[in-house]
Amino acid sequence: MTPRAEATQRRLFEATMRLARGTGIAGVTVDHIAAEARVAKGTVYYNFGSKDGLIEALLRYGIGELAERLTTAVDDAGDDPSAGLAALIDAALAFIEQYPGFSQILVSELWRTPGSWAETLAPLREEILTILERQLALVAATRRFPEGVPVRRAATALFGTLLVTALDWLVFEPQRDRSEVRDSVLTLLAARAEPG
């Protein structure tokens, strides 16, 4: 793919994410996307074939970008698994802060049954869960994780928590600093309900 084609596709992705933030993906048309990206309508069809083709490519692009940021954050955090977990959570929140429209698409499409994008999203979801699970397993190995909680289940809960918490933050409390939101998620991970 040429640099020009990559730049055009990125513009179309970003336009779609901005529009989805306001109306949801169902309310976005090819005409809207083209106008927002300031390209001819035919450019969408030329690059993706259809709106569905654009959405599928967008999902792959967005999850790929998120996975790369999470992996880089963990690598940059060093050998401390807890620091890696904090860095991972911060990177996820930064991504959602930058691309709230994409995150809204994920929330609306990941758990919708039957979903139009279920076949596309299943392996993409698995990619993110694997990154989260790997880091949580490292934390669990240091005994800084509640005993008896399956790491896979915790990774799934963390993924959902990150998406919903970040979107709630951006809609209802945008004045809060991202570090406060990160610390809230870390506190939630560490909390254990004691029997009454």
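- Per an unreviewed UniProt entry, the protein is named TetR/AcrR family transcriptional regulator, and its organism is Prauserella alba.

1. Considerations on the side chain of Q9
Here is step 1 of the chain: Among the structural elements, Q9 can be located in helix 1 (residues 3–23).
Here is step 2 of the chain: For Q9, a relative accessible area of 14% puts it in the buried group.
Here is step 3 of the chain: When neighbours within four sequence positions are excluded, Q9 is seen to be in contact with M1, N47 and F48.

2. Observations concerning the packing of aromatic side chains
Here is step 1 of the chain: Enumeration according to the criterion identifies four aromatic pairs in this entry.
Here is step 2 of the chain: Ring geometry for F13 and F48: centres 5.5 Å apart, planes at 40 degrees, overall tilted. One end of the pair, F13, is in helix 1; the other, F48, is in helix 3 (residues 41–48), with 35 residues separating them in the sequence.
Here is step 3 of the chain: In this structure F13 comes out as buried when scored by relative accessible area, which is 5%.
Here is step 4 of the chain: For F48, a relative accessible area of 13% corresponds to the buried category.
Here is step 5 of the chain: Judged by centre distance (5.2 Å) and plane angle (55 degrees), the ring pair of F95 and Y99 falls under tilted.
Here is step 6 of the chain: Relative accessible area serves as the criterion here: at 1%, F95 is assigned to the buried category.
Here is step 7 of the chain: Judged by its relative accessible area of 8%, Y99 falls in the buried class.
Here is step 8 of the chain: Through pairs of rings, three or more aromatic residues link up here, namely F13, F48 and Y61.

About the cut-offs
- Residues numbered from 1 in each chain as written.
- Predicted model: local features only at pLDDT ≥ 70, side-chain atom pairs only at ≥ 80, totals over all residues.
- Heavy atoms only, no water.
- Helix = DSSP H or I, 4+ residues; strand = E, 2+ residues; numbered from the N terminus.
- Buried < 20%, exposed > 50% of the residue type's maximum accessible area, 1.4 Å probe, protein only.
- Contact = heavy atoms within 4.5 Å.
- Phe/Tyr/Trp six-rings, centres within 6.5 Å; stacked < 30°, edge-to-face > 60°.

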